[in-house]
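# Topology and contacts: notes
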Amino acid sequence: MSGLRERKKLATREALMTAALRLALERGLENVRVEDIAAEVGVSPRTFNNYFSSKYEAIAARHTDRARLAVAALRARPEGEPLWEALTEAMAAPWERGTGRAPSPDLLASITMLTEEPALRAESLKVAFAADGELAEAIAARTGTDVARDLYPYLVAVTVTAAVQAAVGHWLRSDPPVPLAPLVRDALRALAEGLPVPSAEKLEENPRWTS
């Protein structure tokens, strides 16, 4: 019974996220109220507030979910695996379903809104700070460092996050489309190697590196 209840909660959360984005695209973000989103899904505003604190949080929620999936994937990697191998696979994991395809209209729309709407940029910044903190804790656990004392786990966390953002940006611009998860891996492997300047031969060998 508990499994069924959990699935219903996840389905409601997904429906609220989808409705929030769709209504914001149709009406403009400033013209969408929590009551509108709740009505679209057939729940009360109180139920909406059980899942999200605002319409901004609902729209940014998939970004939050991907960040948390990456942290969970890192914690689940084999204990003896080298840090950068574990990070590379963990950060690519939330994007596996996006490989080999052009960005979906919903993904393009949500990323555009996150970058252009001031209120959503603020929400994204809040999400990024929280995600970097959770990632730093997972990195500290693997490296025997301390997030309260040592620079290293936070330095790695924010650098890794920036590399993933660069890979996603490149994916969105690529024409023809290139696989996303392998591009995330490429970015993190280059980072782990110290970001050497790619040779012409390497660029020819790997078409994902050029738009």
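Presented here is a report on the structure given in the accompanying data block. (Residues numbered from 1 in each chain as written. Predicted model: local features only at pLDDT ≥ 70, side-chain atom pairs only at ≥ 80, totals over all residues. Heavy atoms only, no water.)

Of regular secondary structure, the protein possesses ten helices and zero strands. Sequence-ordered secondary structure for the protein, helices as α and strands as β, is α-α-α-α-α-α-α-α-α-α. Taken over 211 residues, the protein has a buried fraction of 40%. In the structure as shown, the protein presents an accessible area of about 11800 Å², 55% of it carried by carbon and sulfur atoms. (Helix = DSSP H or I, 4+ residues; strand = E, 2+ residues; numbered from the N terminus. Buried < 20%, exposed > 50% of the residue type's maximum accessible area, 1.4 Å probe, protein only. Areas by Shrake-Rupley, 256 points an atom, 1.4 Å probe, with all protein chains shown as cover.)

Taken as a whole, the second largest pocket encloses approximately 570 Å³ of empty space. In terms of lining residues, the second largest pocket is bounded by 24 residues, among which His 63, Trp 95, Thr 161, Val 164 and Gln 165 are the most central. (1 Å grid on protein atoms, 1.4 Å probe; cavity = no way out; pocket = protein on both sides within 12 Å on 5 of 7 lines; lining within 4 Å. Points joined across faces, edges and corners; volume = space filled by probe spheres on them.)

Okay, the packing of helix H7 (residues 118–143) against helix H8 (residues 152–173) next. Taken N-terminus to C-terminus, the directions of H7 and H8 make an angle of 125 degrees; their axes are 8 Å apart at the nearest point. Here H7 is positioned oblique relative to H8, judged by the angle of their axes. Two packed elements cross with a definite hand, and for H7 against H8 that hand is right-handed. Here H7 contributes Asp 132, Gly 133, Leu 135, Ala 136, Ile 139, Ala 140 and Thr 143 to the contact with H8, which in turn contributes Tyr 152, Pro 153, Tyr 154, Val 156, Ala 157, Val 158, Val 160 and Thr 161. Its residues assigned to classes, the contact of H7 with H8 comprises eleven nonpolar, three polar and one charged. (Axes fitted to C-alpha atoms, helices over the stretch in contact; angles between N-to-C directions. Parallel < 35°, antiparallel > 145°, perpendicular 65-115°, else oblique. Left-handed = near helix turned anticlockwise from the far one by under 90°. Contact = heavy atoms within 4.5 Å. Nonpolar A, V, L, I, M, F, W, Y, C, P; charged D, E, K, R; others polar.)

Take helix H9 (residues 180–192) next. A rise of 1.5 Å per residue sets the reference length of H9, with its 13 residues, at 18 Å; its end C-alpha atoms lie 19 Å apart and thus fit the reference within 8%. Turning to H9, its buried residues are Leu 180, Ala 181, Leu 183, Val 184, Arg 185, Asp 186, Leu 188, Ala 190 and Leu 191. Phi turns positive, to about 90 degrees, at Gly 194, one or two residues after H9. (Expected span 1.5 Å × (residues − 1).)

Mapping Leu 180 onto the fold places it in helix H9. Relative accessible area serves as the criterion here: at 0%, Leu 180 is assigned to the buried category. Distance from Leu 180 to Ala 92, taken between C-alpha atoms, is 8.3 Å for residues 88 residues apart in sequence.

Turning next to the packing of helix H4 (residues 55–76) against helix H5 (residues 83–92). Direction vectors running N to C along H4 and H5 enclose 145 degrees, while the axes themselves pass 8 Å from each other. Both H4 and H5 take part in a crossing whose hand is right-handed. Contacts between H4 and H5 involve Ala 70, Ala 73 and Leu 74 on the former and, on the latter, Ala 86, Leu 87, Ala 90 and Met 91. Residues that form the contact of H4 with H5 fall into these classes: seven nonpolar, no polar and no charged.

Under the criterion given, the structure shown has one aromatic pair. Arranged with centres 5.8 Å apart and planes meeting at 55 degrees, the rings of Phe 48 and Phe 52 form a pair that is tilted. Neither residue differs from the other here; Phe 48 and Phe 52 are each classed as buried. (Phe/Tyr/Trp six-rings, centres within 6.5 Å; stacked < 30°, edge-to-face > 60°.)

Here the focus is the side chain of Asp 132. In this fold, Asp 132 is placed in helix H7. In this structure Asp 132 is buried but unpaired, with Arg 68 as the nearest side chain of opposite charge at 12 Å. Discounting chain neighbours no more than four positions away, the residues touching Asp 132 are Tyr 154, Ala 157, Val 158 and Thr 161. (Lys, Arg positive; Asp, Glu negative; His and termini not counted. Salt bridge = Lys/Arg side-chain N within 4 Å of Asp/Glu carboxyl O.)

On inspection of all chains with the given rule, the structure shows twelve salt bridges. Salt-bridge contacts for Asp 36 lead to Arg 33; the nearest nitrogen and oxygen are separated by 3.1 Å. Of the residues examined, Arg 33 reaches a relative accessible area of 49% and is grouped as partly exposed.

Turning to helix H2 (residues 34–41), a few remarks are in order. Listed as buried for H2 are Val 34, Asp 36, Ile 37 and Ala 38. Backbone geometry just downstream of H2 places Gly 42 in the positive-phi region, at approximately 85 degrees.

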